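Here are the chains, one letter per residue:
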Amino acid sequence: MQPTRLLILILAMLGAAGAGWLLASSIGREPALEKATVLPEPRPIAPFELRDERGEPFPSAALEGDWHLLFFGFANCPDICPITLQQLAEARRRLAERAAAEPPQILFISVDPERDSPAILAAYAAQFGSGVRAATAAPEALRRLAGELGIFFRVTPGNDAYDVSHSAAVLLLNRRGELHAVFGAPHSVDAFVHDLPIVMASR
Amino acid sequence: MTAPARALCLFAPLWLAGCSDAPGGLTISDAYGYAPLAPGGPAVAYLTVHNGSDDDIELHTFTSPLFGRVELHATTLADGVSRMRRIDRLRVPARGRAVLQPGGLHLMLRDANGDVAVGTRCPLSAAHGDAGRVEFDVVLMARGSRGESGGRP
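Small disclaimer: the values here were computed from a predicted structure and weren't measured.

### Overview of the overall build of chain A
Item 1. From N to C terminus, chain A includes 5 helices and 10 strands.
Item 2. Here chain A has a C-alpha radius of gyration of 23 Å; the compact-globule value for 203 residues is 17 Å, and the former is much larger.
Item 3. Overall, the C-alpha framework of chain A stretches about 90 × 35 × 30 Å when taken along its three principal axes.
Item 4. When burial is assessed residue by residue, chain A has 48% of its 203 residues classed as buried.

### As for the nonpolar core
Item 1. Leu 50, Phe 72 and Leu 149 of chain A are the most contacted members of the largest nonpolar core, which totals 59 residues.
Item 2. Not counting residues up to four positions away in its chain, the partners in contact with Phe 72 of chain A are Phe 108, Ile 109, Val 111, Leu 145, Leu 149, Ile 151, His 166, Ser 167 and Leu 171 of chain A.
Item 3. Formed by 30 residues, the second largest nonpolar core is a distinct cluster that contains Ala 43, Ala 74, Ala 126 and Val 138 of chain B.

### Topic: the pattern of salt bridges
Item 1. Overall, the coordinates contain 18 salt bridges over all chains when judged by the stated rule.
Item 2. Residues Arg 91 of chain B and Glu 58 of chain B are paired through a salt bridge, measuring 2.8 Å at the closest nitrogen-oxygen approach. Of this pair, Arg 91 of chain B sits in strand β7 (residues 89-92) while Glu 58 of chain B sits in strand β4 (residues 57-63), and the two are 33 residues apart along the sequence.
Item 3. Glu 58 of chain B sits in the partly exposed class, given a relative accessible area of 24%.
Item 4. Several salt bridges share partner residues, and in doing so they unite Glu 90, Arg 93, Arg 94, Glu 97 and Asp 190 of chain A into one network.

### A word on empty space enclosed by the protein
Item 1. All chains considered together, the criterion is met by 2 cavities of 30 Å³ or more.
Item 2. When its volume is computed, the largest cavity comes out at roughly 50 Å³.
Item 3. If you go around the largest cavity, the residues you meet are Ala 75, Cys 77, Pro 78, Pro 82 and Tyr 124 of chain A together with Leu 37, Ala 38, Gly 41, Pro 42, Ala 43, Val 44 and Arg 143 of chain B.
Item 4. The residue makeup of the lining of the largest cavity, split by class, is 10 nonpolar, 1 polar and 1 charged.
Item 5. The calculated volume of the second largest cavity comes to roughly 30 Å³.
Item 6. If you trace the second largest cavity, you find it lined by Phe 74, Cys 77, Ile 80, Asp 163, Val 164 and His 166 of chain A together with Ser 82, Arg 83 and Met 84 of chain B.
Item 7. Taken together, the residues of the lining of the second largest cavity sort by class into 5 nonpolar, 2 polar and 2 charged.

### Description of the sheet that holds strand β2 (residues 49-52) of chain A
All names here are of chain A.
Item 1. What the 8 strands build is an open sheet, ordered β1-β10-β9-β4-β5-β6-β2-β3; its pairing is mixed. Each edge of the sheet is formed by a strand with only one pairing partner; in this case those strands are β1 (36-43) and β3 (57-59). The mean angle between the axes of side-by-side strands here comes to 30°, regardless of whether they run parallel or antiparallel.
Item 2. By the bridge criterion, 4 bridges tie strand β5 (residues 105-110) to strand β6 (residues 132-136) in an arrangement that is parallel. When the sheet's bridge partners are listed, Phe 108 is paired in β6 with Ala 134.
Item 3. Where helix α2 (residues 80-98) meets the sheet, its contacts fall on β4 (68-73), β5, β6 and β9 (170-173), and the angle it forms with β5 comes to roughly 165°.

### So, the pairing of strand β10 (residues 121-128) of chain B
Side chains on a regular strand alternate between the two faces of the sheet.
All names here are of chain B.
Item 1. Here β10 lies mainly inside the structure; 6 of its 8 residues are buried.
Item 2. Strand direction decides the pairing type here: β4 and β10, joined by 3 bridges, are antiparallel. Bridge assignment links Thr 63 to a residue of β10, and that residue is Ser 125.
Item 3. As paired strands, β10 and strand β11 (residues 133-141) are joined by 7 bridges and run antiparallel to one another. Of the residues in β11, the one forming a bridge with Leu 124 is Phe 136.
Item 4. Once β10 ends, the chain turns through 4 residues before running back antiparallel as β11, passing Gly 129 with a positive phi of about 55°.

### What about the interface of chain B and chain A?
Item 1. With 29 residues of chain B at the interface, the matching set in chain A holds 33 residues.
Item 2. Seen at the junction of chain B and chain A, the total is 0 salt bridges.
Item 3. The interface formed by chain B and chain A holds 6 residue pairs in polar contact (both at pLDDT 80 or more) in total.
Item 4. Looking at the side of chain B that touches chain A, the elements that each hand over two or more residues are β3 (43-51), β5 (67-78), β6 (81-87) and β9 (105-112) of chain B.
Item 5. Bridging between strand β8 (residues 163-167) of chain A and β6 of chain B involves 2 bridges; their strand directions are antiparallel. The residue bridging His 166 of chain A from the neighbouring strand is Ser 82 of chain B, located in β6 of chain B.

### What to know about the side chain of Arg 110 of chain B
Residue and element names in this part refer to chain B.
Item 1. Considering the arrangement of structural elements, one finds Arg 110 in strand β9.
Item 2. Residue classification places Arg 110 among the buried residues on the basis of a relative accessible area of 10%.
Item 3. Separated by 2.8 Å, the side chains of Arg 110 and Glu 71 make a polar contact.

Conventions used here
- All residue numbers refer to position in the chain's written sequence, counted from 1.
- Both sets of labels track the order of writing: A upward for chains, 1 upward for ligands.
- The model is predicted, so local features are restricted to residues of pLDDT at least 70 and side-chain atom pairs to those at 80 or more, both for listing and for counting; the totals for chains, interfaces and linings are taken over all residues.
- Here the side-chain values reflect all heavy atoms present in the structure, with hydrogen atoms and water set aside.
- Note on conventions: DSSP H or I runs of at least 4 residues are helices, E runs of at least 2 residues are strands, and numbering of each starts at the N terminus.
- The globule rule is 2.2 Å times the number of residues to the power 0.38, and the radius of gyration it is compared with is taken over C-alpha atoms.
- Burial classification: accessible surface area is computed with a 1.4 Å probe over protein chains only, and a residue below 20% of its type maximum counts as buried, one above 50% as exposed, and the rest as partly exposed.
- To form a nonpolar core, buried Ala, Val, Leu, Ile, Met, Phe, Trp, Tyr and Cys residues must be joined to one another through side-chain atoms within 4.5 Å.
- Contact definition: two residues touch when any of their heavy atoms are within 4.5 Å.
- Put simply, a salt bridge is a Lys or Arg side-chain nitrogen that is within 4 Å of an Asp or Glu carboxyl oxygen.
- Points on a 1 Å grid, built from protein atoms alone, make a cavity when a 1.4 Å probe fits but cannot get out and make a pocket when they are open with protein on both sides within 12 Å along at least 5 of 7 lines; residues with an atom within 4 Å of a point are the lining residues.
- Grid points are joined across faces, edges and corners, and a volume is the space filled by probe spheres set on the points.
- By the convention adopted, Pro, Cys, Tyr, Trp, Phe, Met, Ile, Leu, Val and Ala count as nonpolar, Lys, Arg, Asp and Glu as charged, and the other residues, Gly among them, as polar.
- In this analysis, strands are considered paired if DSSP registers two or more bridges between them.
- Fitting a line to C-alpha atoms yields each axis, with helices limited to the stretch in contact; the angle taken between N-to-C directions then spans 0 to 180 degrees.
- Polar contacts, as counted here, are pairs of nitrogen or oxygen atoms within 3.5 Å of one another; within protein the pair requires one atom able to donate a hydrogen and one able to accept it, and residues that are adjacent in sequence qualify only if both atoms are side-chain atoms.

What follows is the structure, encoded as structure tokens:
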């Protein structure tokens, strides 16, 4: 083969290889996420049972069928818990306005069952509008669930005004009730509104 | 209002002039609060304290006639875990300011003495070093009243 033709052939092969690489790398590429970390595979959660704002059992099976955003806290938390729930409620409201898909439900799980009675949880959740529910469980059940979800909490003993430290992460559960993604604190309404449609559409 | 504060108001007309100005160059701005979210729950107040003097100032011993306990706390976020740490004294640097805002420093208002529903005007007071007290008030609002996250725009 003449050198020129050989050169042309080599360049053509390189070009084809390059185009193939570009095509392969662009397949499955999604828009970048602002704050969400999506698990490589959704993680099933062992069945659990909470007690809801009416004092009724709230089994984990009740989470199936909808996407849920979970946040762990306690009703006597004056700052970070209400702020986060307000952010989640606002994000949910904005997503609902888009009407592209049903926005996730929000579930506030109290890690302070000692003080957070059903009546307290009902009043608390009601402050944040529709789509927000609250629940708690016995300490051992909370430990198990929190452990599975990678959530830390600790009740600091003291007088009646004891404090609770807790993870500030927001967890996204998919329609099968599996852990799907995690949002690390500090949270932002814009990041929730940006990331959630992408994450929820990808599977 | 505590008895000493009442006495100071009686003998120091400057304190009567307004709730946000006090001797020593202290000014309070952007003071607001949120009502309790559930019966018996805490209310919260945020504010900015400006120190126009050449000396650092410390505010402490916060009180309110509407709450049995007013405590200064700092929300901390470390390794993804949120904690509250009680702080006894709020240092306001000379020619500077201290900001209490959501996610950071805040006044936790506990043990309500009466009606603290949304719309209640809540008087607050802090000891100003050794120089008396500074008085201000906040309106207890519903969450969401200040924009999407409840924080500063």
